[in-house]
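# Analysis of the macromolecular model
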Amino acid sequence: TAGPVVLGIESSCDETGAGLVRNGHLLGHAVASSMDEHARFGGVVPEIAARAHVHALGPVVRRALDEAGLRLGDIGAVAVTTGPGLSGALQVGLAGAKGLAYALGVPLYGVHHLAGHVAADTLEHGPLPDPCVVLIVSGGHTSLLLVRDLARDPVAHLGDTLDDAAGECFDKVARVFGLPYPGGPAVDRAARAGSPDAVAFPRPLTGPGDDPYAFSFSGLKTAAARWAEGHRGRELPVADGAAALQEAVADVLTRKAVAACTAHGVTTLVVVGGVAANSRVRALAEERCRAAGITLRVPPLGLCTDNGAMIAAVGDLLVRAGAPPAPLDVSVDPSAPL
Ligand code: KG4
Ligand code: ZN
């Protein structure tokens, strides 16, 4: 059935996003980032992120509407991230969403941040096949999911990271390597000039007795730090370290994702989240999916990292599935499980 224009608002971390979606189609979106304000602290500072959302939310909604050629009154439903994420940051987005929904007299939908990442791909490649395997790899999460119907069924977790997220591993090792924040894109850039075989970093949890879908990246982080320490007093071959680290992360992620597809008879793998932007993760996923007869779907870069369009995409699915709206006293759930 045809649905209303859904405004999606995302504010779980350092990106303020607004997106407009109708019937599975992206009409417009805009993102503002407070990344630069966190750079000198080497990580996202919750209080700074929350204040930046207060600053950015109005203008970001305005820009999304302008891009879509729509007006405030055209919005027929509001979807907002309620968790997981930084509590103060989430509350700014939720307060804004509530105000808009109340003033416009339209329903409000609370959206799980990871469901948003999954749905991002539908805006580029259409509805997700049922079932599909989704690998979510971001600064906060590393999960393998079995997804059926996003609007109706809970997503089944096949495996998660036992410690650090893949993006966190990139961010922390980048710091040790003296690369700028955020580390993921910096490692990706540095790796271009390096050799992936230069350092033999471990492939955690890939042994015969290990959980096939669980991840662990803290050991890799430690191995990279120890390798860097071993060069004390000499110049660190950062490009080689970056290429080898990136190869280890990409190898483990894609190996497990393809194994999950094969074990569950699934022929579509979707890779989403900020780390899906990594060039080696993308290339290796393509290579291994092709070899296994799996269709790989990766949303475009702008929809891979946090944005409001992906939240609107879930809201759009919920509205059209007839899901009940959230009450106006709904709270954030910073540590929401999927
Ligand atoms: O999805 P996202 O924007 O935010 C959440 O964490 O939810 O993901 C951000 C993460 C950061 O850790 C960042 O370093 C990583 O994604 N990232 C990358 C690349 N671009 C972003 N990691 C590796 N290679 C990249 N090209
Ligand atoms: Zn995210």
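Here the structure is a predicted model, which means the values were calculated and not measured.

Calculation notes
Residues numbered from 1 in each chain as written. Chains lettered and ligands numbered in written order. Predicted model: local features only at pLDDT ≥ 70, side-chain atom pairs only at ≥ 80, totals over all residues. Near = placed C-beta within 6 Å. Helix = DSSP H or I, 4+ residues; strand = E, 2+ residues; numbered from the N terminus. Nonpolar A, V, L, I, M, F, W, Y, C, P; charged D, E, K, R; others polar. Domains from an automatic or database assignment. Contact = placed C-beta atoms within 7 Å. UniProt positions renumbered as here; feature names shortened; annotations may be inferred. Buried ≥ 20, exposed ≤ 12 C-beta atoms within 10 Å, placed from the backbone. pLDDT = per-residue confidence, 0-100. Core = buried A, V, L, I, M, F, W, Y, C linked by C-beta atoms within 7 Å.

## Some words on the site of ligand 1
Taken together, 19 residues lie near ligand 1, and Gly139, Gly167, Gly184, Gly274 and Asn278 sit nearest. Secondary structure elements with two or more residues in the shell around ligand 1: helix H6 (166-176) and helix H7 (183-191). Per-element accounting of the shell around ligand 1 gives the leading share, four residues, to H7. Each residue belonging to the shell around ligand 1 can be placed in one class, and the counts come to six nonpolar, 10 polar and three charged. Residues from two domains meet in the shell around ligand 1; each of domain 1 (5-120 + 304-320) and domain 2 (127-298) gives at least three.

## Overview of the domain arrangement of the chain
The parts lose accessible area when they come together, and the size of an interface is often stated as this lost area. When cut into domains, the chain gives domain 1 (5-120 + 304-320) and domain 2 (127-298). Summarising the inter-unit geometry, the C-alpha centres of domain 1 and domain 2 are found 26 Å apart. With 15 residues of domain 1 at the interface, the matching set in domain 2 holds 18 residues. Of all the secondary structure elements, the ones that give two or more residues to the side of domain 1 that touches domain 2 are helix H4 (113-120) and helix H12 (309-320). Here the side of domain 1 that touches domain 2 takes six residues from H4, the largest share from any one element. The residue inventory of the side of domain 1 that touches domain 2, partitioned by class, reads 11 nonpolar, four polar and no charged.

## Here we look at unusual backbone geometry
In this chain, Gly83 is followed by Pro84 through a cis amide linkage whose omega measures -10°. Along the chain, Pro84 turns up in the loop between strand S4 (75-83) and helix H3 (87-104). In this structure, Pro131 follows Asp130 across a cis peptide bond, with omega equal to 0°. Structurally, Pro131 can be placed in the loop between helix H5 (122-125) and strand S6 (132-137). With a phi angle near 60°, Leu205 is a residue other than glycine that sits in the positive phi range. Its location among the elements puts Leu205 in the loop between H7 and helix H8 (218-229).

## Notes on the UniProt feature "binding site: substrate" (unreviewed entry) in the chain
Mapped onto this structure's residue numbering, the UniProt feature "binding site: substrate" (unreviewed entry) falls at Ile136, Val137, Ser138, Gly139, Gly140, Asp171, Gly184, Asp188 and Asn278. By the element assignment, Val137 lies in strand S6. If sequence neighbours within four positions are ignored, Val137 has contacts with Thr142, Ala166, Gly167, Leu253, Val271, Gly273, Val275 and Ala276. Its place among the elements puts Asp171 in helix H6. Note on Asp171: 24 C-beta atoms within 10 Å, which makes it buried.

## Considerations on the confidence of the model for the chain
Put simply, the chain has an average pLDDT of 95, and 99% of its residues get 70 or more. For this predicted complex, the interface confidence reaches an ipTM of 0.98, while the overall pTM sits at 0.90.

## Looking at the nonpolar core
Counting residues in hydrophobic clusters, the biggest one holds 118 residues, and the most contacted among them are Ala79, Val134, Leu269, Ala313 and Val314. At 14 residues, helix H9 (residues 238-264) tops the list of elements feeding residues into this core. Mapped onto the domain boundaries, this core takes at least three residues apiece from domain 1 (5-120 + 304-320) and domain 2 (127-298).

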